[in-house]
Amino acid sequence: MDLHVRYEGDDDPKKCTAKKLERFDMAALHGSDRATPYGVVLNPHAEKALSPADRDSGALVALDCSWESAEEAMFSLPGEHRALPYLVAANPVNFGRPMQLTTVEALAAALVIFGEKPQAEAILSKFRWGHTFLELNEEPLRRYSECENSTEVVEIQREYLERGE
């Protein structure tokens, strides 16, 4: 699956997971909304959860920006906007925090949900902590990937939120 990132450049480039994916030719970075291709846009403000039903919507697009500036207005990209369901970060900055994923974690999660686990493993392999993301989220990612649609994903997510995981 083609991976694209709308790159804001407001984080330290040495720590930016999207820049590292670009260096390994695993994702294309775009400096404007217009240059970013149409596809499934990972958007935490989207009204619909990502599910396997979204797999054929084109490219996979993430927005790489600082969490401080990740406001709803920033997600003006064309495409099918979808929110990732409940997952826990494995990156060193936000380890164990729910929904505080790096760009590579978000892309990898979407790939697993779409049934593209080998590609998810490949992009995560470029980070020392990458395999930990899949280990921490093994059960929810498996369950989300077995869903038919967004409604089922939200039902499973609700279980994790009610348990306080």
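Presented here is an overview of the structure given in this document. Not measured: the values here are computed from a predicted model.

Rules of the game
- Residues numbered from 1 in each chain as written.
- Predicted model: local features only at pLDDT ≥ 70, side-chain atom pairs only at ≥ 80, totals over all residues.
- Heavy atoms only, no water.
- Phe/Tyr/Trp six-rings, centres within 6.5 Å; stacked < 30°, edge-to-face > 60°.
- Buried < 20%, exposed > 50% of the residue type's maximum accessible area, 1.4 Å probe, protein only.
- Helix = DSSP H or I, 4+ residues; strand = E, 2+ residues; numbered from the N terminus.
- Lys NZ or Arg CZ within 6 Å of the ring centre and 35° of its normal.
- Pairing = 2+ DSSP bridges.
- Core = buried A, V, L, I, M, F, W, Y, C linked by side-chain atoms within 4.5 Å.
- Contact = heavy atoms within 4.5 Å.

**As for the packing of aromatic side chains**
Throughout the structure, instances matching the rule amount to three aromatic pairs. Between Phe127 and Trp129, the ring centres sit 5.2 Å apart and the planes meet at 40°, which makes this aromatic pair tilted. Grouping residues by exposure puts Phe127 and Trp129 together as buried. Summarising the aromatic geometry, the rings of Tyr144 and Tyr160 are spaced 6.4 Å apart at their centres and angled 70° between planes, so their arrangement reads as edge-to-face. In this pair, Tyr144 is assigned in helix α5 (residues 138-145) and Tyr160 in helix α6 (residues 150-163), connecting sequence segments 16 residues apart. Linked through ring pairs, Tyr86, Tyr144 and Tyr160 together constitute an aromatic cluster. Directly above the ring of Phe127 sits Lys20, whose terminal nitrogen or CZ lies 4.9 Å from the centroid. Taking NZ or CZ as reference, Lys126 lies 4.4 Å from the ring centre of Phe24, over its face.

**Side note on the pairing of strand β3 (residues 39-42)**
Here β3 runs beside strand β4 (residues 59-64); their pairing, made up of three bridges, is parallel. For Val41, the partnering residue across the bridge sits in β4 and is Val61. Note: β3 against strand β5 (residues 80-82), three bridges, orientation parallel. When the bridges of β5 are listed, Leu42 appears paired with Arg82.

**Focus on the nonpolar core**
In globular proteins that are soluble, nonpolar side chains generally tend to be buried together. Membership of the largest hydrophobic core comes to 44 residues, with the highest contact counts inside it found for Leu42, Leu60, Leu84, Leu107 and Phe133. If you tally residues by element for this core, the top one is helix α2 (residues 103-113), at nine residues. Contacts of Leu84, omitting those with residues within four sequence positions, involve Leu42, Leu50, Met99, Leu101, Ala106, Ala109, Ala110, Ile113 and Gln157.

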